[in-house]
Amino acid sequence: MHEMSLAMNIVDLAITNAKKEHAKCINHIEVEIGTMSGVMIDALRFGFEAAAKNTFAEGAELVINEVAAKARCRKCDAIQPVTAYFEECPICNEFLTDIIQGKDMRVLSVTIDE
Amino acid sequence: MCDHCGCSPSDNSVTIHKPSGHGHNHDHQHRRTVRVEQDILFSNNQVARITREYFQSQNITALNLVSSPGSGKTTLLEQTIRALNDEIRIAVIEGDQQTMRDAQRIEATGVPVVQVNTGTGCHLDARMIEWAIHQLPLKDHSLLFIENVGNLVCPALFDLGEDMKVVIISVTEGDDKPQKYPTMFEAASLGVITKTDLLPYVDFDMEECRRLALAVNPALEFHAVSAKTGQGMDTWLNWLRNRCG
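It should be emphasised that the depicted structure is a prediction, and the values quoted were computed from it without experimental measurement.

Caption draft 1: Local environment of the pattern of salt bridges. Residues and elements named next belong to chain B. Summed over all chains, the structure comprises 17 salt bridges over all chains. One salt bridge in this structure joins Arg-89 and Asp-140, with 3.3 Å as the shortest N-O distance. Here Asp-140 lies in the loop between α4 (126-135) and β5 (142-147) and Arg-89 lies in strand β3 (residues 89-96), a separation of 51 residues in the sequence. Here Asp-176 makes a salt bridge to Lys-180, at a shortest N to O gap of 3.6 Å. We classify Lys-180 as exposed; its relative accessible area is 52%.

Caption draft 2: Here's a closer look at helix α2 (residues 41-52) of chain A. Residue and element names in this part refer to chain A. Compared with an ideal rise of 1.5 Å per residue, which puts 12 residues at 16 Å, α2 spans 16 Å between its outermost C-alpha atoms and is within 8% of the ideal. For α2, the full list of buried residues reads Ile-41, Ala-43, Leu-44, Gly-47, Phe-48, Ala-51 and Ala-52. End-on, the buried residues of α2 take up no more than an arc of 150°, which puts them together on one face. Residues Asp-42, Phe-46 and Glu-49 are exposed on α2 and point more than 90 degrees away from its buried face. Within two residues after α2, Asn-54 carries a phi angle of roughly 60°, on the positive side.

Caption draft 3: How the structure looks around the packing of helix α1 (residues 42-57) of chain B against α4(B). Residues and elements named next belong to chain B. Close contact between α1 and α4 brings their axes to 8 Å; oriented N to C, the two are set at 35°. With respect to the hand of their crossing, α1 and α4 are arranged in left-handed fashion. Between α1 and α4, the residues in contact are Ser-43, Asn-44, Val-47, Ala-48, Thr-51, Tyr-54 and Phe-55 and Ala-126, Arg-127, Ile-129, Glu-130 and Ile-133, respectively. Taken together, the residues of the contact of α1 with α4 break down into 7 nonpolar, 3 polar and 2 charged.

Caption draft 4: Fine view of the pairing of β5(B). Residues and elements named next belong to chain B. Counted residue by residue, β5 has 6 buried out of 6 residues, so it is predominantly covered. Residues of β5 alternate between two faces, with Ser-142, Leu-144 and Ile-146 on one and Leu-143, Phe-145 and Glu-147 on the opposite face, all of them buried. Here strand β2 (residues 61-67) runs beside β5; their pairing, made up of 5 bridges, is parallel. Residue Leu-65 lies in a different strand from β5, and its bridge partner there is Glu-147. When β3 meets β5, the two strands line up parallel, connected through 6 bridges. Bridging across to β5, Ile-90 finds its partner in Leu-143.

Caption draft 5: Region of the structure containing the interface of chain A and chain B. With 30 residues of chain A at the contact, the number on the chain B side is 32 residues. Roughly 3,000 Å² of surface becomes buried between chain A and chain B when both sides are summed, with 55% attributable to carbon and sulfur atoms. By the criterion of area lost to chain B, the three top residues of chain A are His2(A), Phe86(A) and Glu114(A), representing 19% of everything that side buries. Taken together, chain A and chain B are joined by 5 salt bridges. Two residues, Glu21(A) and Arg32(B), come together in a salt bridge whose shortest N-O distance is 3.1 Å. Summed over the shared surface of chain A and chain B, the number is 20 residue pairs in polar contact (both at pLDDT 80 or more). If you list the elements that add at least two residues to the side of chain A that touches chain B, you get α1 (3-20), β1 (25-34) and β8 (105-113) of chain A. The dominant element in the side of chain A that touches chain B, judged by the number of residues it contributes, is β8(A), at 9 residues. Here 7 bridges tie β8(A) to strand β1 (residues 31-39) of chain B, and the two strands are oriented antiparallel to one another. Across the sheet, the residue bridging to Val107(A) is Gln38(B), located in β1(B).

Each value, and the rule that gives it
- Residues numbered from 1 in each chain as written.
- Chains lettered and ligands numbered in written order.
- Predicted model: local features only at pLDDT ≥ 70, side-chain atom pairs only at ≥ 80, totals over all residues.
- Heavy atoms only, no water.
- Salt bridge = Lys/Arg side-chain N within 4 Å of Asp/Glu carboxyl O.
- Helix = DSSP H or I, 4+ residues; strand = E, 2+ residues; numbered from the N terminus.
- Buried < 20%, exposed > 50% of the residue type's maximum accessible area, 1.4 Å probe, protein only.
- Expected span 1.5 Å × (residues − 1).
- Arc of directions from axis to C-beta.
- Axes fitted to C-alpha atoms, helices over the stretch in contact; angles between N-to-C directions.
- Left-handed = near helix turned anticlockwise from the far one by under 90°.
- Contact = heavy atoms within 4.5 Å.
- Nonpolar A, V, L, I, M, F, W, Y, C, P; charged D, E, K, R; others polar.
- Pairing = 2+ DSSP bridges.
- Buried area = accessible area lost by both parts, 1.4 Å probe.
- Polar contact = N/O pair within 3.5 Å; in protein donor to acceptor, adjacent residues only side chain to side chain.

Remember that the coordinates give geometry; whether it matters functionally is a separate question.
Structure (structure tokens):
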């Protein structure tokens, strides 16, 4: 379950950025997770609770914005929404495997109290 | 009302402002959003970048071997090391959740090896590699194999600073692996199909496996080997020689 590592990284990034701003505490952390980034959202939430415990980020809310994945068809070049690799292009039936959006996972912001 | 934070320090009828600054005292907290906009794996990727620069400066070719457990990574490594040890300086980082078994097998071939036990962790990360390379006598112009934890999912996401990921799949696993675990096949630059001596006994369609892998990653190169019989090992070894040349 790599979500635990990801959660620990989120907590570290949030704390580093919050402390740089002399925060008293972190109210919430906003992240962006692509639907094809290989992250299980429930596992990430679970991991976040554990990772934040006894840290400066304890009690902060994790706000997750999911970014819907899109693929470019290698045959007809059309851009199509996808939820997984190997879905078929509705225009030409080619496998959709060139994912152009939805693989990123980023910390967007931290909201701090000061 | 306070322009700075929107609070109402009194009954709203009187406001007091100083010419500059935030003109009243109160104890409550101000809430503010700070943009971060960083990859969640930012710190891993930073360490990996430094490691990659180090490898490049020392002419170290680092290959990150990824596969499911039991694909024959360690056996392939043993045979590869025995074949190339006189020509190329080789070192190995072994990743497993626990035990020193793989490191002991590699040590028996006579090359420097360090074992990273990840405990409950399902993948190696850049910090583990940073630590491991400090434990090794890593020479310039050498070949470093990093045998990742057997797992065809998580290691795909973690950059270790390697030159490339080499995905290894054995013929006993089924030719649909690239379709089931596409992320790893997309992340890899080279595929090695192992245990080809068992092809007569299993329903593994080599062409179907390649077709599915190439659908995800059209640039993927393939080798097919049997570390047991030596079949196909020459082209794999030549590929390594060229890579390190």
